[in-house]
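Now for the letters of each chain:
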Amino acid sequence: MSQIPSVSLVRLTLFSSLTLLAAACQGPAEDMNVQDSQEAVITPPRLAQAVAPPQNLPVGLERAIAQVRQQEAGDAYRILPSGDGFVASNPAAGLASRFHGGTVRVEGRGDEANWLVELRLTRWGRQGAARAVEAASARGERNRITLARGADLEEWYLNGPLGLEQGFTINKRPAGSGALVLEMTLSGTLEPRLAQGGQAVTLHNLQGQVVATYKDLWVVDAAGQSLPARMTLEDNTLGLLVEDAGAVYPVTVDPTLMGITNKVTANDGSANDHFGVSVSLDGNLALIGANEDDDRGTNSGSAYFFSRSGSAWYQQQKITANDGAASDYFGGMVALKGNVAVVGAYADDDKGSETGAAYVFTRLGTVWTQDQKILGLDSAAGDRFGYSVATDGVGVLVGAYYEDEKAANAGAAYLFTRGGPGWTQQKKFTASNGGSKDEFGFSVALAGDTALVGARYEDSLGTDAGAAYLYTRSGTSWTQTKMLTASNGGASDQFGHAVTLIDGVALVGAPWEDQRGGDAGTAYLYLRSGTVWSQTQKITGADGGGGDRFGTRVVADGERLAVGAYRDIGTEQGSAYVFARTGTTYKETRKLTADDRASYDYLSLGLGLSGEVVLAGAYGDDDKGTLSGSAYFFELCEAKKETKITASDGYNSDEFGYAVAVSGDTAVVGSRYDDDYGTNSGSAYVFTRSGQSWGQQQKLNASDAGAHDYFGWSVSVSGDTTVVGAQRED
C-alpha cells in the first residue's frame, strides 16, 4: 500500500444518476453502509429502489456508497457496441439504454413501463453565457461509457444495480462569473414539470400520472461543504445550476432520475374517491380501500385487490358491497390474510343510522366473492361497527368504538369465527374499566389466541391519554389479561389510536404524544415473556418533530415494524418509518417517502407490511382528480447478513467511517479525527475479506502527520493502491 499524506485535486466532477428502478430484490453489487460515526457495516446487496444512502451521513460517504454499488456491477450491466453506438440492459432497474451521437435513450421495460426518456447535453458554462458542447467521442469499458467533449468536458454513464448513473467531469473552471450551468434537452413520451422548489422535476404520462422523477439534488465540494444548487426547466430544457463561488474542486452534483414503478391508482379512479385511505398487505396480494367511491351511490365506497407479478403490481379486482348504498363508506378500513378479506362500512344503516357493518370476502382461485355481511348481535344505531377490522385468516375482529353498553361511546369489539354455513359471533369484548367516550374499539388487532383493542380516549393517565387491552383465549374462552398504558402517558396522547399484533409482539401508537414536539407522536413496543407482557421500548422517528402524528398507523410482520406519520414533511405530505429487530430491540432502518410527494397527500394514513414490502396509502394524492388517492409499494430487501467493522484501537470522536472505499476484497475506512500524531491528525484503516469475514489488515498514517491534518477525510482504493486525503495538511 502506498501512503500519501495529502492529495491535490484539480478537476471538477459532477455526478447525476438516471436511476429508473423496478421493485425487485436483486442486484449483484455489494454495498457499504455506515450506522454511526464509530463503526462501519459491510452488507450484501439490497434492492436498488430501497437503498438510498443512509440519512445524515457525510456527503462524501454517500458518494462512496453509491460508487461501490455501481462499480461492482456484473456482466449483465456491460455496455456493448452496437452499430455506430452502444447499448446496455439494466436488469435491476428494468431499463434498456442506447447511446448514439451524444444522446442517451432510456426505455422503461415491462408491461406497465411503456415510456421513453431521451437526454442530450447541449450547453455548459456560466448561466447566461453558456456555450454549445463539442461533438461527443465515445468509448466504452465494462459498464461505463465516456463521451469526450473536447479537452475541458467529459460526460459519462455508469450502468449498475442503482440504475444508469450520469456524470460530468470538467477539467477546467469555466471562465466568467455567475452560476455554473449544464443544460440538457429532455424529450420522449413524458411531460416534465418543475417541483419541490427547483429540487426535482416530475415526469408525467399522458394520463397525467407521475411515472418518473429527476430529484435528490445534492452538491458538495472537496472540502465537504454543501453548495447551493437547483434545477431549472424551460420548455424541455433541463438545467442544473450550481453556485460554485469559493468552492474547492472537485465538486459533486447528484440528482437522480427514478421511475416510479411502485405507485398504483385505481383503474377507474376519480376525484374524491380517497383510494388508499386504508390498505392491507399479505404476500403478493394487497387490498386497498376507497371509501368515498360512488359506484353504489355517493360515498358508498369500494376496495381493490392488487396482485404482484414479477416486480410489478396490477389491479386484479374491484369489490363493492352487494347491498352498498350512499354514505356507507365501505372501504374505510380493510384487512387481508390468506383467503379471507374483511372490509368495514362504519356508516351502514341496517339497524339505524351509522350502525355500521363489516363484509367478509373469500377467495376461490383468483376471484373474491362476498361471503357474508356481519354485524354484532346487539348492534344499534350510532355504534359505527366496522370502523376498525382485523383478521388472522381464521377469525375476524371488528371494532364498534361508539357502542354504548358500558357508557355512551365507551365502545366494544366483536370476534367472529367461521362455523357451519357462515361466520358467527363468538365473543363481545368490552374494557373492564370502560367509561364514557373511551372509544374502545377504535383500533383492533388479532393474532391466533391473542386480541388487542385500542381505546384512544381512556382517561387513567389523564384526559384522553388512552389505553389498549390485551385478551387471550383458552379453549373457547377469552379473558382480559392486561391493560396497556404508556410509561410516560399523559393527557391527549391518544395511546391506542392504532394497534398491531404478531406473535409475542404488540405495538401501540400514540400520535398526539408531545415529547419531541406538539403532536409529534410515538409508538410503544410490548414484548411477551411467557404470559407476561411488558413495555420494552418507546419508538420514534430519528428526525421526528412537532405535528408529525407519528403512530397514526402501526403494522408489524416478522422481524419488522412500520409506523406512519401522515403529517410529516412540508404540508402534510406524509411518511412512514421502518424498524428492524435486533434481539429485543427495534432500530430504525428506513424512512419512506413518495418520489412525487405533494402537500396534503397524507402518505401512510393507510399502512401495510408483509415480508420485504411496505404498502402506504396516500388518499390525498391528486393524480386522477382532487383526493382521488394512490398507494405506494416500497421494497425493503434489507441485508440478510452484515459484517460490522470497527477500528482495533477506536476511541471516542475518532469519526471512524467518515470516508469509505471498497475494491474487490479490500476496504479502506477513514478516521479523520484519530489522534495518533496529534489532535485530529487522522488515520485510515485497511480491511480485507476472507470468505464472508472482514478483518483489519493495517492502520495507515501519514509519514509527516501532524495535528489537525484530517488524514482520512477522503479515501480511494483500486487494486493494490490506496489514496488518502488529508484535507488540512499544511
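Since the structure is predicted, the reported quantities are computational estimates derived from the model, not experimental observations.

Student: Give a detailed account of the overall build of the chain, specifying residues and quantitative values.
Tutor: Of the regular secondary structure elements, the chain holds two helices and 57 strands. Out of the 730 residues belonging to the chain, those deemed buried represent 58%. If you take every contact in the chain between residues at least 6 apart in sequence, the share linking residues at least 24 apart comes to 55%. Working note: accessible area of the chain is about 27,300 Å², and carbon and sulfur atoms make up 44% of it.

Student: Account for the environment of Thr 252, naming residues and giving values.
Tutor: One can find Thr 252 in strand S21 (residues 251-253). Between the alpha carbons of Thr 252 and Val 219 there is a distance of 5.3 Å; along the sequence they are 33 residues apart.

Student: Summarise the pattern of salt bridges; cite the residues concerned and give the values.
Tutor: If the charged atoms of two oppositely charged side chains come close together, the side chains can form a pair. Within the structure shown, the criterion is met by 40 salt bridges. The residue Glu 154 makes a salt bridge to Arg 139 at a minimum N-O spacing of 3.7 Å. Remark: Arg 139 occurs in strand S10 (residues 137-141) and Glu 154 occurs in strand S12 (residues 153-160); sequence separation between them is 15 residues. According to the relative accessible area criterion, Glu 154 is buried, its value standing at 19%. The partner of Glu 191 in a salt bridge is Arg 193, with the nearest N and O atoms 3.3 Å apart. Overall, Arg 193 belongs to the partly exposed group, its relative accessible area being 36%. Among the charged side chains, a salt-bridge network with shared partners connects Lys 263, Asp 596, Asp 621 and Asp 623.

Student: Explain the pairing of strand S48 (residues 606-610) to me, using residue names and the numbers behind them.
Tutor: A large share of S48 lies buried, amounting to five of its five residues. Taking every second residue as pointing to the same face, both faces of S48 are buried, with Gly 606, Gly 608 and Ser 610 on one and Leu 607 and Leu 609 on the other. One ladder, built from five bridges, connects S48 with strand S49 (residues 613-618); its direction is antiparallel. Residue pairing across strands places Leu 607 opposite Ala 616, the latter belonging to S49. In textbook terms, the turn of a hairpin is the stretch between consecutive antiparallel strands, and for S48 and S49 this stretch comprises two residues, one of which, Gly 611, has a positive phi near 60 degrees.

Student: Go over unusual backbone geometry with me, naming the residues and quoting the values.
Tutor: Negative phi is the rule for most residues except glycine; trans is the rule for most peptide bonds. Non-glycine residue Tyr 329 carries a positive phi angle of around 60 degrees. Position of Tyr 329 among the secondary structure elements: in the loop between strand S27 (312-319) and strand S28 (333-337). At Tyr 602, a residue that is not glycine, the phi angle is positive and equals roughly 60 degrees. Relative to the assigned elements, Tyr 602 resides in the loop between strand S47 (585-592) and S48.

Student: Please provide a residue-by-residue account of the pairing of strand S30 (residues 357-364), values included.
Tutor: Of all eight residues making up S30, six are buried, and the element is well covered by its neighbours. In this structure, S30 lies alongside strand S31 (residues 367-374), joined through seven bridges in antiparallel fashion. In the sheet register, Phe 361 faces S31, and the bridge partner there is Gln 370. The loop that links S30 with its antiparallel partner S31 comprises two residues; one of these, Gly 365, has a positive phi angle of about 70 degrees.

Student: A description of the sheet that holds strand S52 (residues 656-663) should follow, citing residues and the corresponding values.
Tutor: What the four strands build is an open sheet, ordered S52-S53-S54-S55; its pairing is antiparallel. Two strands bound the open sheet, and with one partner strand each, they are S52 and strand S55 (693-700). Ignoring which end each strand starts from, the neighbouring axes of this sheet average 25 degrees apart. By the bridge criterion, six bridges tie strand S53 (residues 666-671) to strand S54 (residues 683-690) in an arrangement that is antiparallel. Across the sheet, the residue bridging to Gly 670 is Ala 684, located in S54.

Student: Quick rundown of the packing of aromatic side chains? Include the residues and the values.
Tutor: Inspection of every chain in the model, using the stated rule, returns 32 aromatic pairs. Ring geometry for Phe 99 versus Tyr 157: centroids 5.4 Å apart, planes at 50 degrees, classification tilted. With Phe 99 in strand S6 (residues 95-100) and Tyr 157 in strand S12, this residue pair connects regions lying 58 residues apart in the sequence. The pair formed by Phe 99 and Tyr 157 is uniform in burial state, with each residue classed as buried. For the ring pair Phe 275 and Phe 306, a centre distance of 6.0 Å and an interplane angle of 70 degrees mean the geometry is edge-to-face. In this pair, Phe 275 sits in strand S24 (residues 275-282) while Phe 306 sits in strand S26 (residues 302-309), placing the two residues 31 residues apart along the sequence. Here Phe 275 and Phe 306 have matching classes, each one buried. Ring pairs connect the aromatic residues Tyr 329, Tyr 346, Tyr 387, Tyr 401, Tyr 402 and Phe 442, which therefore count as one cluster. The cationic tip of Arg 144 hangs over the ring face of Trp 156; the distance from NZ or CZ to the ring centre is 4.4 Å. A cation sits over an aromatic face here: Arg 672 above Tyr 710, 5.9 Å from the ring centre.

Student: Let's hear about the sheet that holds strand S36 (residues 440-447): which residues, and what values?
Tutor: The four strands lie next to each other as S36-S37-S38-S39, forming an open sheet whose pairing is antiparallel. Strands at the two margins of the open sheet, each flanked by one partner only, are S36 and strand S39 (477-484). Averaged over all pairs of adjacent strands, the angle between their axes in this sheet comes to 25 degrees, without regard to strand direction.

Student: Give me the lowdown on the environment of Gly 102, citing residues and values where you can.
Tutor: Residue placement: Gly 102 occurs in the loop between S6 and strand S7 (103-108). A C-alpha to C-alpha distance of 5.5 Å links Gly 102 and Ala 136, two positions 34 residues apart in sequence. Look past the residues within four positions of Gly 102 in its chain and what remains in contact with it is Leu 119, Arg 120, Leu 121, Ala 136, Leu 147 and Arg 149.

Student: Give a description of the nonpolar core that names residues and reports values.
Tutor: Counting residues in each nonpolar core, the largest one holds 41 residues, and the members touching the most others are Phe 99, Met 184 and Val 219. Beyond its immediate chain neighbours, meaning those up to four positions away, Val 219 contacts Gln 225, Ser 226, Leu 227, Ala 229, Val 242, Val 251, Thr 252 and Val 253.

Calculation notes
Residues numbered from 1 in each chain as written. Predicted model: local features only at pLDDT ≥ 70, side-chain atom pairs only at ≥ 80, totals over all residues. Heavy atoms only, no water. Helix = DSSP H or I, 4+ residues; strand = E, 2+ residues; numbered from the N terminus. Buried < 20%, exposed > 50% of the residue type's maximum accessible area, 1.4 Å probe, protein only. Contact = heavy atoms within 4.5 Å. Areas by Shrake-Rupley, 256 points an atom, 1.4 Å probe, with all protein chains shown as cover. Salt bridge = Lys/Arg side-chain N within 4 Å of Asp/Glu carboxyl O. Pairing = 2+ DSSP bridges. Axes fitted to C-alpha atoms, helices over the stretch in contact; angles between N-to-C directions. Phe/Tyr/Trp six-rings, centres within 6.5 Å; stacked < 30°, edge-to-face > 60°. Lys NZ or Arg CZ within 6 Å of the ring centre and 35° of its normal. Core = buried A, V, L, I, M, F, W, Y, C linked by side-chain atoms within 4.5 Å.

Honestly, that's just the spatial picture; any functional story needs more than this.
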